[in-house]
Amino acid sequence: ELYGFLPLRTQADLEIGNRSTSFDVGLGTLLSKLKWASSARGSLEYGRLGLLGDVRYDRLGSITSRTGPRGLVGVKAATAFNATVADLALRYRFGAREAAQGKAGEFSIIPYAGVRIMDANFGVTTTVNGLRFERQFSRQLSHTWVQALVGTQATVFLAPRLRLFGRADVGAFGGGGDGEAQKLTGNAQLGLGYALGRNTDLNLSWRYQGLDWNNGLSGRSQRGISTDENGVEIGL
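Time to look at the overall build of the protein chain. Scanning the protein chain from terminus to terminus reveals one helix and twelve strands. In the protein chain, the succession of helices and strands from N to C terminus is β-β-α-β-β-β-β-β-β-β-β-β-β. Taking all 236 residues of the protein chain together, the buried fraction comes to 37%.

Take a look at the structure:
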């Protein structure tokens, strides 16, 4: 399945040492800053046992937020990032084989477990403007970590060409280094699939995904990322 995720709302908080910034933007702003996006998922099955894979890469240009007393001091923070998320898991199917068409009432439930690999690179440039001065500060965060992944997906046919499907997963227990206090990712998805032919589906769903990570340190050594996104996903 080739798919595209269109977050109608994205919230993010980033902490790097004694610098922090946050933004809350809609789809229009996000698309205007989008540099690249690609995503695909797939499965292989033998009998009822199979392998599942899902890979997504996104790269965004600078998203700007402003704080500070108006007319005296202005603080502008520009955040740019790129991130790769790769899932690989073993899966086991209960119920009917997956297909574009089926009989009303046919269903499948597929739990899975494996690993999630994440690589995130954030950059924050802070500009402070006063009446007679301007200062600029830059910070970078680059981090890769691996998590245990558990989840399930399910499908039920409402009509021969129409099916209801859902997915949910959580990644935790990461091994990103000593002192990490928090490391959690998750997805939830619910949608409809319609068969365009004997073996082709058009999928439309609502999806939420979240990430919360920090290294548990304080002061200049502090690092943390928190994001929440929800919106529409379209797949084929």
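Put simply, the protein chain has an average pLDDT of 86, and 86% of its residues get 70 or more. The least confident element of the protein chain is strand S2 (residues 19-26), whose mean pLDDT is 80; the most confident is strand S6 (residues 94-95), at 97. Here residues 68-73 scores under 50 on pLDDT; set against residues more than four positions off or in separate chains, the count is eight contacts.

Take the nonpolar core next. Core analysis: the largest hydrophobic core is formed by 18 residues, its most contacted members being Leu14, Phe122, Leu141 and Ile225. For this core, the secondary structure elements donating two or more residues are strand S1 (3-16), S2, strand S4 (49-67), strand S7 (107-129), strand S8 (134-159) and strand S11 (201-214). Of all the elements, S7 adds the most residues to this core, at four residues. Dropping the residues within four chain positions of it, Leu141 is found in contact with Leu14, Glu15, Ile16, Ala120, Asn121, Phe122, Trp213, Arg223, Gly224 and Ile225.

A few words on the pattern of salt bridges. Under the counting rule described, the total for this entry stands at 13 salt bridges. Arg167 serves as the salt-bridge partner of Glu1, at 3.5 Å between the closest nitrogen and oxygen. One end of the pair, Glu1, is in the segment before S1; the other, Arg167, is in strand S9 (residues 162-172), and 166 residues separate them in sequence. In this structure Arg167 comes out as buried when scored by relative accessible area, which is 19%. Here Asp169 and Arg116 are joined by a salt bridge, their closest N and O atoms 3.0 Å apart. You can see Asp169 sitting in strand S9 and its partner Arg116 sitting in strand S7, a full 53 residues away along the chain. Of the residues examined, Arg116 reaches a relative accessible area of 2% and is grouped as buried.

Right, let's get into the pairing of strand S10 (residues 182-195). By the bridge criterion, ten bridges tie S9 to S10 in an arrangement that is antiparallel. Bridge assignment links Gly166 to a residue of S10, and that residue is Leu190. Two elements, S10 and S11, share 14 bridges in a ladder whose sense is antiparallel. Each bridged residue has a counterpart across the sheet, and for Gln182 the counterpart in S11 is Asn214. Following S10, the chain reverses through five residues before pairing antiparallel with S11.

Parameters at a glance
Residues numbered from 1 in each chain as written. Predicted model: local features only at pLDDT ≥ 70, side-chain atom pairs only at ≥ 80, totals over all residues. Heavy atoms only, no water. Helix = DSSP H or I, 4+ residues; strand = E, 2+ residues; numbered from the N terminus. Buried < 20%, exposed > 50% of the residue type's maximum accessible area, 1.4 Å probe, protein only. pLDDT = per-residue confidence, 0-100. Contact = heavy atoms within 4.5 Å. Core = buried A, V, L, I, M, F, W, Y, C linked by side-chain atoms within 4.5 Å. Salt bridge = Lys/Arg side-chain N within 4 Å of Asp/Glu carboxyl O. Pairing = 2+ DSSP bridges.

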